[in-house]
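Residues per chain are reported as follows:
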Amino acid sequence: MAGRVWKFGDDVNTDVLAPGIYIKLPLEDLASHCLEAVEPNFASYVQDGDIVVGGVNFGMGSSREQAAQVLKALGVAAVIAPSFGGIFYRNAFNLGLPAIVSNEIDQIAAEQELKIVLKTGVIENITTGKQLAGEAVPENLMDLVEAGGLVPYLEQKLNKKG
Amino acid sequence: MGQSIAEKIIAKAAGKKTVQTGEIVTCAVDLAMIHDSGGPRRVKPAMEKLGVGVWDPAKIVLVSDHFAPCTDAESAAILKLTREWAAEQGILNFYDQQGICHVVTPERGHLAPGMFAVGGDSHSPTGGAFGCYMFGIGATDMLGVLVTGETWIKVPETIRINWSGQLGTGLAAKDMALKMCATLGMDGGGYQAIQYAGETIRNLDMLERMTLCNMAAELGAQAGIIEPDEVTAAYVEAAGGTPGDWRDFQSDQDATYAVTHEFDATNLEPQVAAPHSPANAADVSAIEKAEIDQFYIGACTGAKLGDLKMAASILEGKKVAKGKRLTIAPASSQILTQATKQGIIEILLDAGASLLPPGCGACAGYGVGVLAEDEVCLASTARNFQGRMGASSSKVYLASPYTVAASAVTGHIVDPREVL
């Protein structure tokens, strides 16, 4: 997959991704408040296929799955960070949103174009022409990505049994 | 090679003799705890799509706490859906508006040493106080557990945190938790398992152990766990649970730890975390005496019976500063009953506190008691992310119930030992 970069700092937490005071609202309304506390323009200007690059511990905090779901709803294709909040990481794959661990995010700037190969974790910075290392997505999570998330994955599994 | 308590529980759940760190295993889940926010309303549509019901209604504990009691038509609809789903699925253990899941689940005897448990909430590591391997997962992950009774886990390394020395007067487990956040950072746990050990931990009662394990979440750990002992067994038994073979769930002498951190409680000062991160914690003497609008004693972290007792010990015969508000949301109905019988509630109300119904309240901004733009709060809760408790420009400081209560008397942040 390939897309344009939005870059954020360290410790982007679940409460700024999906603020609690809007959590009762329908997903698209909640999504319109995604990251507004740190980047008020994000939800209005993010486009289909864009890639979010964050610092350490991206998605830390709450178990609220909406933190990953709003990114997907806004069209974000993948998230890259040196480390993720553990629950967010699982949530992202369960919803079919790939989360890539890479320690070379200092080689990525906002607005650049990236191409990611999930199976190997290799990130190509198309704008600079540099190849960056990332961790390969584990096999059990690749299964989820290929199915489109845990629900379609379970659907396939249950149908096979049936 | 020896195994840590975390590895022993995971191995048992995976049906293996031993497990290796980093290995991905599938585990049978002994207990799944869900609440009104991440539970029925989120899993119902997918369960209907899949055409399946829950794997075992007896192994599920459902608690309405985030939107309970409801504050508007939307939250009322969420609670209605929660009740209907509980009836449809035949959930045996449904606690409706009885308090916060992390407190209600153990106090009703559902947790016991050695259990492999998941909760649909990030503060699920609280269950580690009871010698369970318990961790938080999101709604779709939970859906997978609810329909299959299983989940996957990458076997974590165990990080050992030793505490020695005795806590001083006016100090609590909350100060220990904030000290660890300041020292290790919010990713210090690296999504591994933290095992709290040492004489200070042994001397803590179950409620204080819960506070420590609860805030393993703020250290970025998957779980926080304390080896069960007589104190654990006595609590579980009194709650109507079965302590079982708790002696089997101890780390081996030769267990491997990724790292061991040492902390000393002896000279620990009360800790206060400045906005917007628990990792901003520092000695109260080093924190500016910020003016506070709302003092809040609440949440699974900071409104258990022990926490209310701490507040009452400060507030007895004193008044909340003029023009300030002290808001208290007991963590459960059982706690409210006990605190009422023991005269604690009367002391708090006489001091001028206002009482909210048991539940998550303002902590995550879902319920009653939230903050207006630019308001500042000092809270006994776990987390002070930007905008968490209400308007996005509001600010939250974190501290122990002692510090929150003492500061409510002076109107600004103060060392509780000056007020005791």
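Cut-offs applied
- Residues numbered from 1 in each chain as written.
- Chains lettered and ligands numbered in written order.
- Predicted model: local features only at pLDDT ≥ 70, side-chain atom pairs only at ≥ 80, totals over all residues.
- Helix = DSSP H or I, 4+ residues; strand = E, 2+ residues; numbered from the N terminus.
- Rg over C-alpha atoms; globule rule 2.2 N^0.38 Å.
- Buried ≥ 20, exposed ≤ 12 C-beta atoms within 10 Å, placed from the backbone.
- Contact = placed C-beta atoms within 7 Å.
- Axes fitted to C-alpha atoms, helices over the stretch in contact; angles between N-to-C directions.
- Parallel < 35°, antiparallel > 145°, perpendicular 65-115°, else oblique.
- Left-handed = near helix turned anticlockwise from the far one by under 90°.
- Nonpolar A, V, L, I, M, F, W, Y, C, P; charged D, E, K, R; others polar.
- Pairing = 2+ DSSP bridges.
- Core = buried A, V, L, I, M, F, W, Y, C linked by C-beta atoms within 7 Å.
- Domains from an automatic or database assignment.
- pLDDT = per-residue confidence, 0-100.

1. So, the overall build of chain B
For step 1, the next point in the chain: For chain B, the count of helices and strands is 14 helices and 18 strands.
For step 2, the next point in the chain: Scaling as 2.2 N^0.38, a compact globule of 420 residues should have a C-alpha radius of gyration of about 22 Å, and chain B matches this with 20 Å.
For step 3, the next point in the chain: Each principal axis of the C-alpha distribution contributes one length, and for chain B these read about 60 × 50 × 40 Å.
For step 4, the next point in the chain: Burial analysis of chain B (420 residues in total) assigns 63% to the buried set.
For step 5, the next point in the chain: Contacts in chain B between residues at least 24 apart in sequence constitute 78% of all its contacts with a sequence separation of at least 6.

2. Some words on the packing of helix 6 (residues 173–184) of chain B against helix 8 (residues 206–214) of chain B
Residue and element names in this part refer to chain B.
For step 1, the next point in the chain: Direction vectors running N to C along helix 6 and helix 8 enclose 20 degrees, while the axes themselves pass 9 Å from each other. Classified by the angle between their axes, helix 6 and helix 8 sit roughly parallel to one another. Helix 8 is crossed by helix 6, and the crossing has right-handed handedness. Packed against helix 6, whose contacting residues are Ala173, Lys174, Met176 and Ala177, the element helix 8 presents Glu208, Thr211 and Leu212 at the interface.
For step 2, the next point in the chain: Classifying every residue of the contact of helix 6 with helix 8 gives four nonpolar, one polar and two charged.

3. Side note on the sheet that holds strand 9 (residues 193–197) of chain B
Residues and elements named next belong to chain B.
For step 1, the next point in the chain: With respect to topology, four strands assemble into an open sheet ordered 10-9-8-11, the strand pairing being parallel. Edge positions in the sheet fall to strand 10 (223–225) and strand 11 (259–264), since each has one partner strand and no second. Between one strand and the next, the sheet's axes are offset by a mean angle of 20 degrees, whatever the strand orientation.
For step 2, the next point in the chain: In this sheet, strand 11 lies alongside strand 8 (residues 158–164) in parallel orientation, the contact comprising six bridges. Across the sheet, arginine 160 pairs through a bridge with threonine 260, a residue of strand 11.

4. Structural notes on helix 5 (residues 139–148) of chain B
Side chains of residues three or four places apart in an α-helix project in the same direction, reflecting 3.6 residues per turn.
Residue and element names in this part refer to chain B.
For step 1, the next point in the chain: The element helix 5 is largely enclosed, with a buried count of eight among its 10 residues.
For step 2, the next point in the chain: Those residues of helix 5 that sit buried are Ala139, Thr140, Asp141, Met142, Leu143, Gly144, Val145 and Leu146.
For step 3, the next point in the chain: Two residues or fewer after helix 5 comes glycine 149, characterised by a positive phi angle close to 75 degrees.

5. Quick notes on the interface of chain A and chain B
For step 1, the next point in the chain: Taken together, the 35 residues of chain A in the interface contact 39 residues of chain B.
For step 2, the next point in the chain: Only helix 1 (14–17), helix 5 (86–94) and helix 7 (150–161) of chain A provide two or more residues apiece to the side of chain A that touches chain B.
For step 3, the next point in the chain: Looking at the side of chain A that touches chain B, its residues break down into 14 nonpolar, 13 polar and eight charged.

6. Considering the sheet that holds strand 7 (residues 130–132) of chain A
Residue and element names in this part refer to chain A.
For step 1, the next point in the chain: Spatially, the seven strands line up as an open sheet ordered 4-3-2-1-5-6-7, and their pairing is mixed. Each end of this open sheet is capped by a strand with a single partner; those strands are strand 4 (99–101) and strand 7. Averaged over all pairs of adjacent strands, the angle between their axes in this sheet comes to 30 degrees, without regard to strand direction.
For step 2, the next point in the chain: Summarising the sheet, strand 3 (residues 78–81) and strand 4 pair through three bridges and their orientation is parallel. Looking across to strand 4, one finds that alanine 81 is bridged to valine 101.

7. Quick notes on the environment of A:Glu104
For step 1, the next point in the chain: Note on placement: A:Glu104 falls in the loop between strand 4 and strand 5 (113–117).
For step 2, the next point in the chain: Non-local contacts of A:Glu104, meaning those with residues more than four positions away in its chain, are made with A:Leu132 and A:Ala133.

8. What to know about the nonpolar core
The tendency in soluble globular proteins is for nonpolar side chains to be buried side by side.
For step 1, the next point in the chain: A:Val79 and B:Ile10 are the most contacted members of the largest nonpolar core, which has 205 residues in total.
For step 2, the next point in the chain: Each of domain 1 (5–263) and domain 2 (271–418) of chain B contributes no fewer than three residues to this core.

9. Looking at the environment of A:Ile108
Residues and elements named next belong to chain A.
For step 1, the next point in the chain: Inspection of the secondary structure assignment puts isoleucine 108 in the loop between strand 4 and strand 5.
For step 2, the next point in the chain: The sequence separation of isoleucine 108 and serine 62 amounts to 46 residues, and the corresponding C-alpha distance is 27 Å.
For step 3, the next point in the chain: Those residues in contact with isoleucine 108 that sit more than four places away from it in its chain are Val5, Lys7, Val53, Leu114 and Asn125.

10. Some points on unusual backbone geometry
For step 1, the next point in the chain: The residue after B:Ala68, namely B:Pro69, is reached through a cis peptide bond having omega -10 degrees.
For step 2, the next point in the chain: Among the structural elements, B:Pro69 can be located in the loop between strand 3 (60–64) and helix 3 (73–89).
For step 3, the next point in the chain: In the segment running from B:Pro275 into B:His276, the intervening peptide bond is cis, with an omega of -5 degrees.
For step 4, the next point in the chain: Positive phi values are uncommon outside glycine, yet A:Leu35 reaches one of about 65 degrees.
For step 5, the next point in the chain: When you line up the elements, A:Leu35 lands in the loop between helix 2 (27–31) and helix 3 (42–45).
For step 6, the next point in the chain: Although it is not a glycine, B:Ala299 adopts a positive phi angle of roughly 80 degrees.
For step 7, the next point in the chain: In this fold, B:Ala299 is placed in helix 10 (residues 299–302).

11. Things to note about helix 11 (residues 305–315) of chain B
All names here are of chain B.
For step 1, the next point in the chain: Buried residues dominate helix 11, accounting for nine of its 11 residues.
For step 2, the next point in the chain: Within helix 11, the full set of buried residues consists of Leu305, Gly306, Asp307, Leu308, Met310, Ala311, Ala312, Ile314 and Leu315.
For step 3, the next point in the chain: Looking at the packing, one finds that the buried side of helix 11 touches helix 8, strand 14 (294–297), helix 10, helix 12 (333–341), helix 13 (344–350) and helix 14 (401–410).

12. What about the domain arrangement of chain B?
Residue and element names in this part refer to chain B.
For step 1, the next point in the chain: Its domain assignment divides chain B into domain 1 (5–263) and domain 2 (271–418).
For step 2, the next point in the chain: For domain 1 versus domain 2, the distance between C-alpha centres works out to 24 Å.
For step 3, the next point in the chain: Contacts between the two partners involve 37 residues from domain 1, matched on the other side by 36 residues from domain 2.
For step 4, the next point in the chain: At the level of secondary structure, the elements contributing two or more residues to the side of domain 1 that touches domain 2 comprise helix 4 (101–107), helix 6 and helix 8.
For step 5, the next point in the chain: Of all the elements, helix 6 adds the most residues to the side of domain 1 that touches domain 2, at six residues.
For step 6, the next point in the chain: Partitioning the side of domain 1 that touches domain 2 into residue classes produces 15 nonpolar, 14 polar and eight charged.

13. Re the confidence of the model for chain B
For step 1, the next point in the chain: Per-residue confidence for chain B gives a mean pLDDT of 97, with 100% of residues at or over 70.
For step 2, the next point in the chain: If you check the scores for this complex, the pTM reads 0.97 and the ipTM reads 0.94.

14. Brief notes about the environment of B:Ile201
Residues and elements named next belong to chain B.
For step 1, the next point in the chain: Its location among the elements puts isoleucine 201 in helix 7 (residues 199–202).
For step 2, the next point in the chain: The exposure class of isoleucine 201 is buried, given the 23 C-beta atoms found within 10 Å.
For step 3, the next point in the chain: Remark: the alpha-carbon pair of isoleucine 201 and asparagine 162, spanning 39 residues in sequence, is separated by 8.2 Å.
For step 4, the next point in the chain: Ignoring anything within four residues of it in the chain, the contact list for isoleucine 201 reads Trp163, Tyr196, Arg209 and Ile226.

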